[in-house]
Amino acid sequence: MINIIGLIFISIGLAFDVFGCLGLVRLPDVYCRLQAATKCVTLGTCSILFGTFLIVGFTAAGIKSLLCMIFLVLTAPVAAHAIARGAHRAGVKLWEGSIVDKYAEDKEGEAQNRIK
Amino acid sequence: MKSRISMFFVAFIVWCLFNWVPDWQHLVIGGFVSAFVAFMVGDLFITRPHVLMHPSRYWYFFVYYLPMFLWECFKANLDVAYRVLHPRLPIYPGIVKVRTKLTTDTALTFLANSITLTPGTMSVDIDKDNGVLYIHWIDVKTKDVESATRIIVDRFEKVLKKIFD
Amino acid sequence: MKIFRWFIGMIFLVGIVILIIIRPFPFLFYPDLPYINFLGRVLYIIILACILCLYRVWRGPTGADRIVAIDILGIMIVGLCAVLTISTGRSWYIDIGIAWALQSFICALALSKYLEGKGFDD
């Protein structure tokens, strides 16, 4: 019974992985791609690891998969945040249909103050 | 000193989980290794060790924060799946600015992680001196600072203030 | 025209997934383990998602796109290692997964620093 529940968790995680990669292909600029891919692939991989834990049980591999899950939840948003900040500082433009960019406005203000 | 002792216990527990089922040889080697780790980097990671001693913080973390976070995470995934599979691609992206009242490093890190994994938002930069976060929002509903703060930040800020401050 | 492209792409993707599900592929693993039919198909679908990522690595207009795709690919390999753990019954595959997750995180941080154009000191 618990093996069936684990297989259901693995299937859900697999579907979210495929949706995240589809978002990586379809969406128009770096920030949207980063959003879709980080959310979907993080939860999908965590779901696959939790299914592995349910099937294997409290053995060495099961405990290690739980630790790996906690590690992924803690580090994947930090990596996404670092890549987004680096891309914005490197001058990657937003998509032309985007509505507002407060960050670029504030950065320009700081640069003008520094020149004065 | 207190921070090094708590770092020793954290490292020792993680070592025991990595060598599951632990016997006495693993425990001896783990004691030496985690003592070395605690001596080297103890006061870098845990700067305020008295926070770890309150049981009510753990209660708030496991009962209020964790179920809310998992539910928001699941909603975020359904939202992304809807936007990706829709043929007209319904996105209105933009970077907005919100204010926060949290001050400590750990609380700001957890706030940024929660914002990144909840529906439609991702944190781009943190300005710690002014208490300002820049957030990339895939479906911009408002450009105003205060109302964006009310929509995005407030539900996490109330719980995180009780846990980490 | 965009609707037409969406339709073609969806038919292609769903067709490949249905083909993986109904067709008996030759599996490289031990055929007497439990659930091996299901887990073999899971492996092929993860490889399909990795190919979608590799498309973005190949055609990314800027360097940031490629870095995002490499980061996501690293997270997905961890899931692949977890599925290999149950499908072959060898518990050291999950060790490869943990090491790959650490390596991918540090790789993403270093690449974002490089993208920002600063040195590693500050």
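Residues numbered from 1 in each chain as written. Chains lettered and ligands numbered in written order. Predicted model: local features only at pLDDT ≥ 70, side-chain atom pairs only at ≥ 80, totals over all residues. Heavy atoms only, no water.

Peer 1: Sorry, what's going on with the sheet that holds strand S3 (residues 132-137) of chain B here?
Peer 2: Pairing between the strands of a sheet comes from backbone hydrogen bonds, and it takes one of two forms, parallel or antiparallel. Taken together, three strands build an open sheet; the order of strands is S1-S3-S2 (chain B) and the sheet is antiparallel. Of all the strands in the sheet, just strand S1 (94-99) and strand S2 (121-127) of chain B have a single pairing partner and so form its edges. Put simply, the sheet's adjacent strands are angled 30° from each other on average, direction ignored. Strand contacts of helix H2 (residues 30-56) of chain A: S2 and S3 of chain B, with the helix running at about 110° to S2(B), the strand carrying the most contacts. Sitting on the sheet, helix H3 (residues 60-89) of chain A touches S1 and S2 of chain B, and the angle it makes with S2(B) is about 70°. (Pairing = 2+ DSSP bridges. Helix = DSSP H or I, 4+ residues; strand = E, 2+ residues; numbered from the N terminus. Axes fitted to C-alpha atoms, helices over the stretch in contact; angles between N-to-C directions. Contact = heavy atoms within 4.5 Å.)

Peer 1: Can you walk me through the environment of C:Leu48 in this structure?
Peer 2: Residue and element names in this part refer to chain C. Along the polypeptide, Leu48 turns up in helix H2 (residues 36-59). Along the chain, Leu48 and Gly60 lie twelve residues apart, while their C-alpha atoms are 18 Å from each other. Ignoring sequence-local partners within four residues, the contact set of Leu48 consists of Leu13, Ile16 and Val17.

Peer 1: Whenever I open this one, the packing of helix H1 (residues 2-18) of chain B against helix H2 (residues 24-45) of chain B confuses me. Can you help?
Peer 2: In helix packing, the relevant descriptors are the interaxial angle and the interaxial distance, both defined with respect to the helix axes. Residues and elements named next belong to chain B. It is at 7 Å that the axes of H1 and H2 come closest, and there the two elements cross at 135°. Relative to H2, the element H1 lies oblique. The element H1 and its partner H2 pack so that their crossing is right-handed. Split by residue class, the contact of H1 with H2 holds 14 nonpolar, six polar and two charged. (Parallel < 35°, antiparallel > 145°, perpendicular 65-115°, else oblique. Left-handed = near helix turned anticlockwise from the far one by under 90°. Nonpolar A, V, L, I, M, F, W, Y, C, P; charged D, E, K, R; others polar.)

Peer 1: Explain the interface of chain A and chain C here, please?
Peer 2: How big an interface is tends to be expressed through the accessible area that disappears when the partners come together. Taken together, the contact between chain A and chain C spans 42 residues of the former and 44 residues of the latter. Counting each side, the surface lost to burial between chain A and chain C is near 3,800 Å², with a carbon and sulfur contribution of 82%. At the boundary of chain A with chain C, the tally comes to three salt bridges. For the salt bridge of A:Lys64 with C:Asp95, the shortest nitrogen-to-oxygen distance reads 3.2 Å. Those elements that provide at least two residues to the side of chain A that touches chain C are helix H1 (2-26), H2 and H3 of chain A. No other element matches H3(A), which puts 16 residues into the side of chain A that touches chain C. Counted by class, the side of chain A that touches chain C contains 28 nonpolar, eight polar and six charged residues. (Buried area = accessible area lost by both parts, 1.4 Å probe. Salt bridge = Lys/Arg side-chain N within 4 Å of Asp/Glu carboxyl O.)

Peer 1: Before we go on, may I ask you to explain the confidence of the model for chain B in this structure?
Peer 2: The predicted coordinates of low-pLDDT regions are not to be read in fine detail. Summary statistics for chain B give a mean pLDDT of 84 and a share of 100% for residues scoring 70 or more. At the level of individual helices and strands, chain B shows its lowest average pLDDT in helix H5 (residues 145-152) of chain B, which scores 80, and its highest in helix H3 (residues 55-85) of chain B, which scores 88. (pLDDT = per-residue confidence, 0-100.)

Peer 1: Which parts of the structure should I look at to understand the packing of aromatic side chains?
Peer 2: Two aromatic rings, taken as a pair, are described by how far apart their centres are and by the angle between their planes. One pass over the structure, following the stated rule, counts 15 aromatic pairs over all chains. Their ring planes at 80° and their centres at 6.4 Å tell us that A:Phe16 and B:Phe74 sit as a pair that is edge-to-face. Of this pair, A:Phe16 sits in helix H1 while B:Phe74 sits in helix H3, which puts the two residues in different chains. Ring centres of B:Phe61 and B:Phe62 lie 5.3 Å apart, and the angle between their planes is 85°; on these two criteria the pair is classed as edge-to-face. (Phe/Tyr/Trp six-rings, centres within 6.5 Å; stacked < 30°, edge-to-face > 60°.)

Peer 1: Explanation requested: the nonpolar core in the structure shown.
Peer 2: Side chains that are nonpolar tend, in soluble globular proteins, to be buried together. If you look at the biggest cluster of nonpolar residues, it comprises 79 residues, and the most contacted ones within it are A:Leu49 and C:Ile46. Counting residues per element, this core draws most heavily on helix H3 (residues 63-88) of chain C, at 16 residues. For A:Leu49, the contacting residues outside a window of four places in its chain are A:Ser65, A:Cys68, A:Met69, A:Leu72, C:Val78, C:Ala82 and C:Ile94. Listed in part, the 27 residues of the second largest apolar core include B:Val98, B:Val153, B:Phe156 and B:Ile163. (Core = buried A, V, L, I, M, F, W, Y, C linked by side-chain atoms within 4.5 Å. Buried < 20%, exposed > 50% of the residue type's maximum accessible area, 1.4 Å probe, protein only.)

Peer 1: Help me out: how do you make sense of the domain arrangement of chain B in this one?
Peer 2: Partitioning chain B into structural domains gives domain 1 (2-51) and domain 2 (54-164). Taking only C-alpha atoms, the centre of domain 1 of chain B and the centre of domain 2 of chain B are 32 Å apart. (Domains from an automatic or database assignment.)

Peer 1: Just to check I follow, could you spell out the interface of chain B and chain A for this structure?
Peer 2: Counting from both sides, the interface comprises 42 residues of chain B and, opposite them, 39 residues of chain A. Surface buried jointly by chain B and chain A totals about 3,800 Å² across both partners, of which 72% is contributed by carbon and sulfur atoms. Looking only at chain B, the three residues that lose the most surface to chain A are B:Asn77, B:Val84 and B:Ile95, adding up to 16% of its buried area. Here chain B is connected to chain A by two salt bridges. The salt bridge involving B:Asp125 is made with A:Arg85; its shortest N-O contact spans 3.6 Å. Between chain B and chain A we count eight residue pairs in polar contact (both at pLDDT 80 or more) in total. When contributions to the side of chain B that touches chain A are tallied by element, the ones reaching two or more residues are H1, H3, S1, helix H4 (105-116), S2 and S3 of chain B. (Polar contact = N/O pair within 3.5 Å; in protein donor to acceptor, adjacent residues only side chain to side chain.)

Peer 1: Could you clarify how one ought to interpret empty space enclosed by the protein in this entry?
Peer 2: According to the stated counting rule, one finds two cavities of 30 Å³ or more in the structure shown. Volume-wise, the largest cavity comes out at about 70 Å³. Lining the largest cavity, in full, are A:Phe71, A:Leu72, A:Thr75, A:Ala76, A:Ala79, C:Asp71, C:Gly74, C:Ile75, C:Val78, C:Ala101, C:Ser104 and C:Phe105. When contributions to the lining of the largest cavity are tallied by element, the ones reaching two or more residues are H3 of chain A together with H3 and helix H4 (93-116) of chain C. Residues belonging to the lining of the largest cavity are distributed by class as follows: eight nonpolar, three polar and one charged. In this structure, the second largest cavity occupies an estimated 50 Å³ of space. Lining the second largest cavity, in full, are A:Leu27, A:Ala36, B:Val80, B:Arg83, B:Val84, B:Ile91 and B:Ile138. It is H3(B) that contributes the most residues to the lining of the second largest cavity, three residues altogether. Tallied by class, the residues present in the lining of the second largest cavity amount to six nonpolar, no polar and one charged. (1 Å grid on protein atoms, 1.4 Å probe; cavity = no way out; pocket = protein on both sides within 12 Å on 5 of 7 lines; lining within 4 Å. Points joined across faces, edges and corners; volume = space filled by probe spheres on them.)

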